[in-house]
Amino acid sequence: MKILVCISNVPDTTTRIKIAEGNASIDTTGIQWVINPWDELSLTRALELKDDKATGVSTVTVAHVGLPSSEPTIRKALAIGADDAIRVNAESSDAYFVAAQLAEVAAKEGFDMILCGIESSDFNGSAVGGMLSEFLGIPSVSGVSSITFEAGIPVLTREIDGGREAVTVPAPFVAVVQKGIAKEPRIAAMRGIMLARTKPIKVYEPVPVEALTRVESFEKPAPRPACIFVDPANPAQLIDLLKNEAKVI
Amino acid sequence: MSVLVYTENWEGRFKKLSFELVSYAAAAAKMMNTSVTALSVGKVDQEELMKLGSYGAQKILNADGNIPEVMDNQYFTQVIAEAAVREGASLIVLANNNTGKALAPRLSVRLKAGIGSGVSRLPLSITPFTVYKKAYSGNAFAHVIIKSDIRIITLAQNSFDLAEVAGSAVIEQFAVNADSSSVKTKVREVKKQSGKMLLTDAEIVVSGGRGMKSPDNWGPLVELADALGAATACSRPVSDEGWRPHEEHTGQTGKIIAPNLYLAVGISGATQHLAGISSSKFIAAINTDKDAPIFEAAQYGIVGDALKILPQLVTAVKEIKK
Ligand SMILES: Cc1cc2nc3c(=O)[nH]c(=O)nc-3n(C[C@H](O)[C@H](O)[C@H](O)COP(=O)(O)OP(=O)(O)OC[C@H]3O[C@@H](n4cnc5c(N)ncnc54)[C@H](O)[C@@H]3O)c2cc1C
Ligand SMILES: Nc1ncnc2c1ncn2[C@@H]1O[C@H](COP(=O)(O)O)[C@@H](O)[C@H]1O
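Residues numbered from 1 in each chain as written. Chains lettered and ligands numbered in written order. Predicted model: local features only at pLDDT ≥ 70, side-chain atom pairs only at ≥ 80, totals over all residues. Heavy atoms only, no water.

## Remarks on the site of ligand 1
Just so we agree on the cut-off: Near, as used in this document, describes a residue that has one of its heavy atoms within 4 Å of the molecule or strand being considered. Two N or O atoms form a polar contact when they lie within 3.5 Å of each other; inside protein one atom must be a possible hydrogen donor and the other a possible acceptor, and for residues adjacent in sequence the pair counts only when both atoms belong to side chains. To qualify as a helix, a DSSP run of H or I must reach at least 4 residues; to qualify as a strand, a run of E must reach at least 2; elements of each kind are numbered from the N terminus. Here the nonpolar group is Ala, Val, Leu, Ile, Met, Phe, Trp, Tyr, Cys and Pro; Asp, Glu, Lys and Arg are the charged ones; every other residue, Gly included, is treated as polar.
Around ligand 1 lies a shell of 26 residues, among which B:K213, B:S235, B:S268, B:H273 and B:N287 are the nearest. Ligand 1 sits at the junction of chains A and B, each of which supplies nearby residues. A distance of 3.2 Å is found between an oxygen atom of ligand 1 and a backbone nitrogen or oxygen belonging to B:G266. Between ligand 1 and B:S268, the relevant distance is 2.7 Å, taken from an oxygen atom to a main-chain nitrogen or oxygen of the residue. Looking at the shell around ligand 1, the elements that each hand over two or more residues are helix 6 (236–240) and helix 7 (271–277) of chain B. By residue class, the composition of the shell around ligand 1 is 4 nonpolar, 17 polar and 5 charged.

## Points about the site of ligand 2
Residue and element names in this part refer to chain A. The condition is simple: Note on areas: Shrake-Rupley with a 1.4 Å probe; residue coverage comes only from the protein chains shown.
C6, D39, S120, A127 and V128 are the nearest of the 19 residues found near ligand 2. Between an oxygen atom of ligand 2 and a main-chain N or O atom of C6, the distance comes to 2.7 Å. Within the side chain of D39, one N or O atom sits 2.5 Å away from an oxygen atom of ligand 2. Expressed as a share of its isolated accessible area of 480 Å², the protein-covered part of ligand 2 is 95%. Contributions of two or more residues to the shell around ligand 2 are made by strand 4 (59–65), helix 3 (95–109) and strand 6 (113–117). If one sorts the elements of the shell around ligand 2 by residue count, strand 4 sits on top with 3 residues. Broken down by class, the residue content of the shell around ligand 2 amounts to 9 nonpolar, 8 polar and 2 charged.

## Comments concerning the domain arrangement of chain B
All names here are of chain B. This is how it is decided: In this document the domain limits rely on a domain assignment from an automatic tool or a database. It only takes one pair of heavy atoms within 4.5 Å for two residues to be counted as in contact. In what follows, salt bridge is the name for a side-chain nitrogen of Lys or Arg lying within 4 Å of a carboxyl oxygen of Asp or Glu.
Along its sequence, chain B is carved into domain 1 (2–182) and domain 2 (204–320). Put simply, the middle of domain 1 and the middle of domain 2, counted by C-alpha atoms, are 33 Å apart. At the interface, 5 residues of domain 1 touch 9 residues of domain 2. On inspection of domain 1 and its partner domain 2, the count reaches 0 salt bridges. For the pair domain 1 and domain 2, the number of links is 4 residue pairs in polar contact (both at pLDDT 80 or more).

## As for the packing of aromatic side chains
Put simply, the rule reads: Planes of paired rings set the category: under 30 degrees apart is stacked, over 60 is edge-to-face and the rest tilted, where pairs are Phe, Tyr or Trp rings (Trp by its six-membered ring) whose centres lie within 6.5 Å. Classification of residues uses two cut-offs on accessible area relative to the type maximum, computed with a 1.4 Å probe and protein chains only: under 20% is buried, over 50% is exposed, and between them is partly exposed.
Across all of its chains, the model carries 10 aromatic pairs over all chains by this definition. For the ring pair A:F218 and B:Y136, a centre distance of 6.1 Å and an interplane angle of 55 degrees mean the geometry is tilted. Note that A:F218 is positioned in strand 12 (residues 213–219) and B:Y136 in the loop between strand 6 (129–135) and strand 7 (140–146), a pairing that runs across two chains. Like A:F218, the residue B:Y136 is buried in the burial classification. When the ring of A:F229 is compared with that of B:F295, the centres are 5.0 Å apart and the planes differ by 65 degrees; the resulting orientation is edge-to-face.

## A short note on the interface of chain A and chain B
The test is simple: Buried area: the accessible area, evaluated with a 1.4 Å probe, that two parts lose upon being put together, summed over both parts. One bridge is not enough; two strands pair if DSSP finds at least two bridges between them.
In this complex, chain A contributes 77 residues to the contact, which on the side of chain B involves 89 residues. Approximately 7300 Å² of surface area, both sides summed, lies buried where chain A meets chain B, with 56% of it carried by carbon and sulfur atoms. Taken together, the links from chain A to chain B amount to 4 salt bridges. Taken together, chain A and chain B are joined by 41 residue pairs in polar contact (both at pLDDT 80 or more). Counting residues per element, the ones that place at least two in the side of chain A that touches chain B are helix 1 (37–51), helix 4 (128–136), strand 7 (140–150), strand 8 (153–160), strand 9 (163–168), strand 12, strand 13 (228–230) and helix 6 (236–244) of chain A. Of the residues belonging to the side of chain A that touches chain B, the class tally is 42 nonpolar, 16 polar and 19 charged. Bridging between strand 13 of chain A and strand 15 (residues 300–303) of chain B involves 3 bridges; their strand directions are parallel. Each residue of the ladder has a partner; that of A:F229, found in strand 15 of chain B, is B:G301.

## Remarks on the pattern of salt bridges
Enumeration over the complete set of coordinates arrives at 26 salt bridges over all chains. Residues B:E247 and A:R164 are paired through a salt bridge, measuring 2.8 Å at the closest nitrogen-oxygen approach. Separated into two different chains, B:E247 in the loop between helix 6 and strand 13 (261–265) and A:R164 in strand 9 make up a pair that spans both. Judged by relative accessible area, A:R164 falls into the partly exposed class, the value being 31%. Ionic pairing is found between B:E172 and B:R86, a salt bridge with its closest N-O pair at 2.4 Å. Residue B:E172 is located in strand 9 (residues 170–173), and its partner B:R86 is located in helix 3 (residues 73–87); the two are separated by 86 residues in the primary sequence. Among the residues examined, B:E172 registers a relative accessible area of 28% and is labelled partly exposed.

## Describing the pairing of strand 8 of chain A
All names here are of chain A. Most of strand 8 sits out of view: 6 of its 8 residues are buried. Of the strand pairs in this sheet, strand 7 and strand 8 are connected by 6 bridges, and their pairing is antiparallel. Following the sheet pairing, V144 is matched in strand 8 by R158. Linkage of strand 7 to strand 8, two consecutive antiparallel strands, is achieved through a turn of 2 residues, within which A151 is found at a positive phi near 50 degrees. Linking two consecutive strands that pair antiparallel, namely strand 8 and strand 9, is a turn of 2 residues; a positive phi of about 75 degrees is found at G162 within it.

Written as structure tokens, this is what we have:
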């Protein structure tokens, strides 16, 4: 079984986002780029599954749509343990464009299980995984919090309102993963970092696809009014404010 | 042309979220000079369906024949796509919940319709079609132009006020072509937690962090939540330590919620935590450290020991609820 993990490249989650002059983009100076947290966890789970010989997972490949500037992120995924990587050489302009590119390479290379994260922490699109499955015409399972194998078949647990359910779908399929998929992200060891330098990154040129959306501008959230502090000797005053001023209780 | 809104049901009933979606669709339809059709899939009785009319749906498509029990993304995508084609929809509205996140992207490819996800306001303009959505986990908002003729919006929960209208709706039976026997998703096991309020549905949330010190200290926090009719939540380290169940973890890598009131108790307010709660209408915080970042996000705060303050809040709430 071959696994593909789709990774996006996002600002480190502690970044204080600043908007660039003209509001058309964010100011990227000084930003640390990392593997999207969900994708790091997907990759971790994929590698755990490969480590367990009983699953029959043979390879774990990562794919990324982005310019050469995001290669450090791909190398990091290889250092963590992915066998090889694919990069589609294009700016990731919108989810539809990205999913179309991923579908193209996934169809060419052939995978049994494709993992995507529930959202990229930059654009919060929650879109690429589902789109990719529709482009490929294969099943998708969303909100997946665990993947295990039973008798050689992947069993996916997904979050449903007020509980969870374990489901199966025939391969190939896309699993869109969320919290729970792996406990802690796997960290690259020295040996992994050395090995990553020699692992292959296959570069594809993009196929022509028109993006369906375009970001016109960014704005900062409206500043919250300053905090009103209640005397700790009289906490009941907080309840009074919440009831009579905020009117939320 | 029309606006199609997909109204999911929970064992035959709608929720406040469903009516938020219809209210939103009705307001958007007004901007677009068109009408609203609501799509309901599965068994829902007439009286319940008619409630959608009270929030502005003019037509209700009732697809209740031979619908599979299991949520299969391909099947449901096909049903919504059929309805969209039949209604000539130029805007499709879904919730930004598990279901909406699963279906909207598939629908997007099937109909070649651009998505605005996690939208929290009405379109900023119709030509070009521009939506307002969260980006960078709430650290920015984006104005996004959707260029396609059909557009999809997933609406953030609790971001749009209900608007009741006088009109009434017509219900039309909708016989779907999608073949329910071809459904590929097979359920092995279902684990339901019964009786507990869903964190994503709660209007008030009381949440505890590492400042609660020990899992044994949660009694007064739960008591306060009960007195307020609130759900309980927690920060990530608290669920990682096993002090509280994983379902309660809020933040970037946990649940993203937008209640009317989020009360953060002993939570420092790390950016990853704020990413899950920053859309709350009001945030209140209790923390011993007056410089904790949570106070930058909060409108109300108490600098003090949560373990001493919580029991007093319980008493105060019980007093006003008398
Ligand atoms: C990729 C990534 C994703 C993450 N995702 C999430 C996420 O989704 N959700 C999340 O919560 N975190 C997340 N984190 C972790 C986050 O960075 C913080 O470490 C975490 O939120 C801190 O939790 P806390 O506020 O409970 O604990 P702490 O930071 O330890 O804060 C405890 C607070 O309690 C106060 N306190 C102490 N004693 C008392 C008392 N007696 N009474 C009142 N207050 C007291 C302290 O002053 C302090 O402010 C993520 C981190 C990373 C790297
Ligand atoms: N540029 C990209 N290259 C590869 N995978 C991506 C890219 N952007 C998003 N993804 C995948 O899609 C998931 C959801 O992203 P999004 O739809 O952008 O919120 C991510 O967790 C990745 O798995």
